[in-house]
Amino acid sequence: MDISKLQDKASYVRLSALENAVRAGKGHLGGTFSCVEILVMLYYGGFLRITPETVNNPDRDYFFIGKGHACLAIYPILYELGFISYNRYMEYGTDGSTLGGQLDITVPGVECNTGSLGHALGLAAGVALASKLDKKKNRAVALLGDAECEEGSVWEAIIFSAEQRLGNLTCIIDRNRLSVTRIMDDSIIFSNFCKKIELFGWKCLVIDGHDLNAISDALEFSGVASKPTMIVANTVKGKGVSFMENITKWHHQVPTETEVALAREELQRVSS
Amino acid sequence: MPNSNDIRDAYFDTILEEVRLNKDILVLSADMDAFSLRVLEKEFPSQYLNVGVSEQNMINVAAGLALSGKIVFCYSIA
């Protein structure tokens, strides 16, 4: 798929996430917007070989989302690709719906429940290991937040994956430099991060997480690596809506009517 | 048939029988040293994995293995 079509998809995902959050009165827009290009390339760029028909096929590619609050971006993708119906998709955030603020395994295409951070990489490592043991050609991908890397279980998974030489494992970090409460500077965890990760036995790449070509190249590289690959995607929390970008409160604030109109206008301008 | 009064021996005798019969069974342990685990490691090396002293990761990896169709037993102490 060509880049301009993928950019259109990114606009579609952001606009849909906005509309759904506003309609339901809830949602994590900041952390959703920062990983849209990553998700668009994974799902529409051919890197995640999974379809509504293959959701239970053990030879599929597996995608584990650590930062499940980005589900606002996942739902419009799953709807557009035919994993869920329009009616189910429209139920986001309503009582009794399984499309909530975190991902649920009753939704086709969702591999694990989310909400508790720090597990996606270990899960993906388990899948990658099974695949390696059975000499299969599928891959396992995990998407983590940067603050999520404060979880010890992430480092247990990093160590394990290197020890097991899981070349079919890719970890993408949505490095949007904001947690819920703090700025995630290049301090103890993230200074010389790639060097540290390489010393832990991984390959490590740093990319602009909003550059679709760069994401594509990184995913191509990690698909053939003999070690697990870490992709540090430098992103902006709230990307796409100027007044949301890099502002902590947009972690889970819902915009006012005026703000929604402004946001819609900005996002629609990109897609036309 | 397990023939011991010790719960750990009974557990491992049964596991060994099952591992022998089903190559999709995997046994994970978190740096545990037990006679039966050593037997497993020697006789069924592709079905035993010592993940080290990382119990959280053991469970996450086990879940990933199970999602891929494996039947997983995790062994450790609290």
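The written sequence of each chain sets the order in which its residues are numbered from 1. Labels are handed out in written order, letters beginning with A for the chains and numbers beginning with 1 for the ligands. The predicted origin of the model limits local features to residues at a pLDDT of at least 70 and limits the giving and counting of side-chain atom pairs to 80 or more, whereas totals for whole chains, interfaces and linings rest on all residues. Water and hydrogen atoms play no part in the side-chain values, which are based on all heavy atoms of the structure.

Q: So what exactly am I meant to see when it comes to the sheet that holds strand 3 (residues 71-75) of chain B here?
A: Strands belonging to one sheet form pairs held by backbone hydrogen bonds; the direction of such a pair is parallel or antiparallel. All names here are of chain B. Strand order across the open sheet formed by three strands is 2-1-3, with parallel pairing between neighbours. Where the open sheet ends on each side, the last strands, each with one partner, are strand 2 (48-50) and strand 3. With direction set aside, neighbouring strand axes in the sheet form an average angle of 20 degrees. Any two strands between which DSSP finds at least two bridges are classified as paired. Put simply, DSSP marks the helices as runs of H or I at least four residues long and the strands as runs of E at least two long, and each gets a number from the N terminus on. Pairing of strand 1 (residues 25-29) with strand 2 involves three bridges; the strand directions are parallel. In this analysis an axis means a line fitted to C-alpha atoms, helices contributing only their contacting stretch, and an angle means the value between N-to-C directions, from 0 to 180 degrees.

Q: Quick question: what am I supposed to make of helix 7 (residues 152-163) of chain A here?
A: Since one α-helical turn is 3.6 residues long, residues separated by three or four positions face the same way. All names here are of chain A. The terminal C-alpha atoms of helix 7, which comprises twelve residues, lie 17 Å apart, in line with the 16 Å expected from a rise of 1.5 Å per residue. Exposed residues in this analysis have more than 50% of their type's maximum accessible area, buried residues have under 20%, and partly exposed residues fall in between, with area computed by a 1.4 Å probe over protein chains only. Along helix 7, the residues classified as buried are S153, V154, A157, I158, F160, S161 and A162. Immediately beyond the C-terminal end of helix 7, within one or two residues, lies R165, with a positive phi of roughly 50 degrees. What a helix should span is 1.5 Å times the count of its residues minus one.

Q: Just checking my understanding: could you explain unusual backbone geometry for this structure?
A: Peptide bonds are trans in most cases, and residues, glycine excluded, mostly fall at negative phi. Residue and element names in this part refer to chain A. In the Ramachandran plot, R165 falls in the positive-phi region, its phi being about 50 degrees despite a non-glycine side chain. Among the structural elements, R165 can be located in the loop between helix 7 and strand 3 (169-175). On the accessibility criterion, R165 (57% relative accessible area) is exposed.

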